[in-house]
Amino acid sequence: MSPLPDDELAARLRAALTRQAADATTSDDSLGRIRSRTAAERGPVRRWLPVAVATAAAVVAVAVVAVLLGPASRSGTGTASGPTAGPTSPGPTSSDSGAPSPSPSASESASTSPSSPPGGTAHAVPAYYVRVFEGHARLYREFHRVVTTDAGVVAASLATMLAAPADPDYASLWPVGTTVTALTRTGAGGKDLTVVLSAAPTGFADVAVQQVVYTVTAADPDVAAVTVTYPGGSSGAVGRVVDWQILAPVWVLAPVDGAHASSPLKLSGTASVFEATVSWQVARADGTVAASGAAMATIGAPGRGAWSVSVPLPPGTYTVTAWEASAQDGRVTWPDTKVVVVG
Amino acid sequence: VDGVQGTASARVTGWSPGRERQGAAVVTGAAPDDPRTWDADRAVTVLHAAHYRSLVRTAWLLLGDAAAAEDVVQDAFVGLHRAWPRLREPDRAVHYLHRSTVNGARSGLRRRRTVTTYAPVLAERAEADDVATGVADHTAVAAALASLPVRQREVLVLRYYGDLSEQAIADLLGISPGTVKVHAARGLAALRPILEQVR
């Protein structure tokens, strides 16, 4: 193959930069922040009253989103990085590498779903699930191995999302038995996706819609907008809500639940937590603590960073938990738990 | 809600600043809209509406850290407010904003270790979310971009995201157009392996 001409390279760079730049987020009150600083330099504010009102409205809007989407104690700007740090790669992987654990039920239901064409090859398809903590619902991600064609990946991801998660602590906001009744692409290059589901979400409708949006946009990054329609509701065309509003603050990506691993046990994941500090512990089968500590994520909230820690352990069955210690009182929030067999 | 949409409009409102939107304000402007009559508050308001988002996007491409990117642009606007009495003219003010943004991003890079946090996170994201399709995407390109020398990255971002001419980039960075050309060629060559893999 002859090398690409420079102008084709340039066109690709242009496209990649444009898409990457679209991930950048700006805070709602950016002008208000500038004004408060310039006003401070200059003395009393005289002319900003209408703006102050507008800024207050923006704050109210943010508060409403916070109520819908969960604890938004994090204020200010969003991070531009999306869901991060899946340690997985296609192909067979060992269980202690953080690979998606095969989930027979999910794989089977996905691969036998009418929307997945027969044949194809093994894909690790992404699926987002939900946990509810203190009245708020947030997203977690798993990868499942599914045999499908390249064109069937989005349908297979949705079917996986509607089936059982590998981690029993997770659930779907879409009731058991929900199916995809239509999956259509419109717009230039099929970048707009409409997903019609057979049942309405069991609660947290906004989060349920994002469960679908995150899943299909992870399966196909070219999808620009998603419309989720279900009996009694439709989302309109939406994209991903910025990750710090919707993803669970702490994800344990390795080990996966039920994994067999060797010592030292490597715990890793991503987190968007106060001062980038992820708390973790490893408990024995009898509940006593074998090891515990704190790991630093590569970036603190509202960014989402990667974290990892390596723990030497004698053979046995352990429960690994990682969580965010509340900035207010240090209590355990958003624990993510995995059972792992070391030996 | 931060939509995924807007990629296309990003190009339009992108970095070709002052030309369309602000040009219109100048042309239609009789006395009340004459930028020379603007005080610093008004200049900040108008230029914020026209350029804030694209400047944050540029800073984000240079820095790889959303919060830091926005801080840099906030600083640029606060500086503009101070500098307006001597700028007095939108094109010069926009140049000032761009320059502050690029310089702020560069010193931000020195201060924070964002490049080291940025590249792995992006690479992991690319790996994680694109595993299903097996295709390297823009996040992989961004990760590769983050590994380039600062000048090469600045030139590539300004040239291919900002659509600035070699002369404009030279003015902005305080280097010669020939040096801009060299940085662009080297940067593009360094990114060739990854760009050949993306669609």
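Read on for an overview of the structure. (Residues numbered from 1 in each chain as written. Chains lettered and ligands numbered in written order. Predicted model: local features only at pLDDT ≥ 70, side-chain atom pairs only at ≥ 80, totals over all residues. Heavy atoms only, no water.)

## Some details on the overall build of chain B
Consideration 1: A count of helices and strands for chain B gives ten helices and zero strands.
Consideration 2: For chain B, the N- to C-terminal ordering of α and β elements is α-α-α-α-α-α-α-α-α-α.
Consideration 3: Residues classed as buried in chain B amount to 54% of the 199 residues present.
Consideration 4: A separation threshold of at least 6 residues defines the contact pool for chain B, and within that pool the share at least 24 residues apart is 65%. (Helix = DSSP H or I, 4+ residues; strand = E, 2+ residues; numbered from the N terminus. Buried < 20%, exposed > 50% of the residue type's maximum accessible area, 1.4 Å probe, protein only. Contact = heavy atoms within 4.5 Å.)

## Observations concerning the sheet that holds strand E10 (residues 277-284) of chain A
Sheet strands associate in pairs through backbone hydrogen bonding, adopting either a parallel or an antiparallel arrangement.
Residue and element names in this part refer to chain A.
Consideration 1: Pairing is mixed across the open sheet formed by five strands, whose spatial order is E8-E14-E13-E10-E11. With one partner strand each, in any of the chains shown, strand E8 (259-261) and strand E11 (289-296) form the two edges of the open sheet. On average, each strand axis in the sheet is inclined to that of its neighbour by 30°, with strand direction left out of account.
Consideration 2: With nine bridges connecting them, strand E13 (residues 316-325) and strand E14 (residues 332-342) associate as antiparallel partners. Note that in E14 the partner of threonine 319 across the bridge is valine 339. (Pairing = 2+ DSSP bridges. Axes fitted to C-alpha atoms, helices over the stretch in contact; angles between N-to-C directions.)

## Side note on the pattern of salt bridges
Residue and element names in this part refer to chain A.
Consideration 1: Evaluated as defined, the whole model comprises 16 salt bridges over all chains.
Consideration 2: The salt bridge involving lysine 338 is made with aspartate 167; its shortest N-O contact spans 2.6 Å. With lysine 338 in strand E14 and aspartate 167 in the loop between helix H5 (153-162) and strand E3 (180-186), this residue pair connects regions lying 171 residues apart in the sequence. With respect to class, lysine 338 is no different from aspartate 167; both count as buried.
Consideration 3: For the salt bridge of aspartate 220 with arginine 185, the shortest nitrogen-to-oxygen distance reads 2.8 Å. (Salt bridge = Lys/Arg side-chain N within 4 Å of Asp/Glu carboxyl O.)

## Observations regarding the environment of valine 341 of chain A
All names here are of chain A.
Consideration 1: Secondary-structure assignment places valine 341 in strand E14.
Consideration 2: In this structure valine 341 comes out as partly exposed when scored by relative accessible area, which is 28%.
Consideration 3: Along the sequence, valine 341 and tyrosine 318 sit 23 residues apart, while their C-alpha atoms lie 6.2 Å from each other.
Consideration 4: Valine 341 has contacts with Ala259, His260, Ala261, Gly316 and Thr317, leaving out every residue within four places of it along the chain.

## Quick look at unusual backbone geometry
Consideration 1: Note that the residue after alanine 254 of chain A, namely proline 255 of chain A, is joined by a cis bond; omega there is -5°.
Consideration 2: Within the secondary structure, proline 255 of chain A is located in the loop between strand E7 (250-254) and E8.
Consideration 3: A cis amide bond links serine 263 of chain A with the next residue in sequence, proline 264 of chain A, at an omega value of 0°.
Consideration 4: Along the chain, proline 264 of chain A turns up in the loop between E8 and strand E9 (265-271).
Consideration 5: Phi at tryptophan 334 of chain A is positive, roughly 50°, even though this residue is not glycine.
Consideration 6: Its location among the elements puts tryptophan 334 of chain A in strand E14.
Consideration 7: For aspartate 163 of chain B, which is not glycine, the phi torsion reads 60° and is therefore positive.
Consideration 8: Relative to the elements of secondary structure, aspartate 163 of chain B occurs in the loop between helix H8 (150-161) and helix H9 (166-173).
Consideration 9: For aspartate 163 of chain B, a relative accessible area of 42% translates into the label partly exposed.

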